[in-house]
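Okay, here's what each chain looks like letter by letter:
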Amino acid sequence: MAASGLSQPKRPAKVLVVEDEPVAALSIRTVLVADGHTVELAEGGETALALFEAGQYELVITDFKLGKMDGLELAGAIKERSPATRIILVTAYAEKIGGALGQVSNIDIVLRKPFSIKELQAAVEKVLSVGGGGERGA
């Protein structure tokens, strides 16, 4: 992902990105920081939950496949603690877990890998905007 042509968000946010692939994590972070957001990274669900409890994040972007705690479990734990926090799930396994996603109210948007910079920006803008969220696809 290249960070060219990025626009400033309407409302910068504090974002937690949970991704165990370093290149993917840094790519997402680069786009978000260039867009004016404050971003912290976590490699796994347990680490992410500890960071979440210590900080105040408006948005969590999490991969589905993480390790001991997957992205859906992390989303559930975060929503228990902070129902207003927006969550974007990124996954290459959307078709395999599609049935489960339809029943999960903890996810605001599912972003299918691979995704473009514009798709990421649109998903972030949508969940952070008033009335955004509740969608299952970007």
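Here, every reference points to the structure presented above.
As the structure is a computational prediction, the values presented were derived from the model and not from experiment.

Novice: How would you sum up helix α5 (residues 117-128)? Please name residues and give values.
Specialist: Look at α5: 17 Å from first C-alpha to last across 12 residues, which is about the 16 Å you get at 1.5 Å a residue. Inspection of α5 places Ile-117, Leu-120, Gln-121, Ala-123, Val-124, Val-127 and Leu-128 among the buried residues, and these make up the whole buried set. For α5, the angular spread of buried residues about the axis comes to 160°, placing them on one side.

Novice: Now, about the packing of aromatic side chains: what can you tell me, with residues and values included?
Specialist: Scanning the entire structure with this criterion turns up 1 aromatic pair. On the basis of an interplanar angle of 20° and a centroid distance of 6.2 Å, the ring pair of Phe-52 and Tyr-57 is categorised as stacked. Its relative accessible area of 7% is what places Phe-52 among the buried residues. The ring of Tyr-57 is capped by Lys-14, whose NZ or CZ atom sits 4.8 Å from the centre of that ring.

Novice: Lay out the pattern of salt bridges with the relevant residues and their values.
Specialist: Considering all chains together, one arrives at 6 salt bridges under this definition. Among the salt bridges present, the one from Glu-40 reaches Lys-14, with a minimum N-O distance of 4.0 Å. Taken together, the residues Glu-40 in strand β2 (residues 38-42) and Lys-14 in strand β1 (residues 14-18) connect sequence positions 26 residues apart. Taking relative accessible area as the criterion, Lys-14 reaches 27% and is therefore assigned partly exposed. Here the salt bridges share partners, and the residues they tie into one network are Glu-19, Asp-63 and Lys-113.

Definitions and limits used
- Residues numbered from 1 in each chain as written.
- Predicted model: local features only at pLDDT ≥ 70, side-chain atom pairs only at ≥ 80, totals over all residues.
- Heavy atoms only, no water.
- Helix = DSSP H or I, 4+ residues; strand = E, 2+ residues; numbered from the N terminus.
- Expected span 1.5 Å × (residues − 1).
- Buried < 20%, exposed > 50% of the residue type's maximum accessible area, 1.4 Å probe, protein only.
- Arc of directions from axis to C-beta.
- Phe/Tyr/Trp six-rings, centres within 6.5 Å; stacked < 30°, edge-to-face > 60°.
- Lys NZ or Arg CZ within 6 Å of the ring centre and 35° of its normal.
- Salt bridge = Lys/Arg side-chain N within 4 Å of Asp/Glu carboxyl O.

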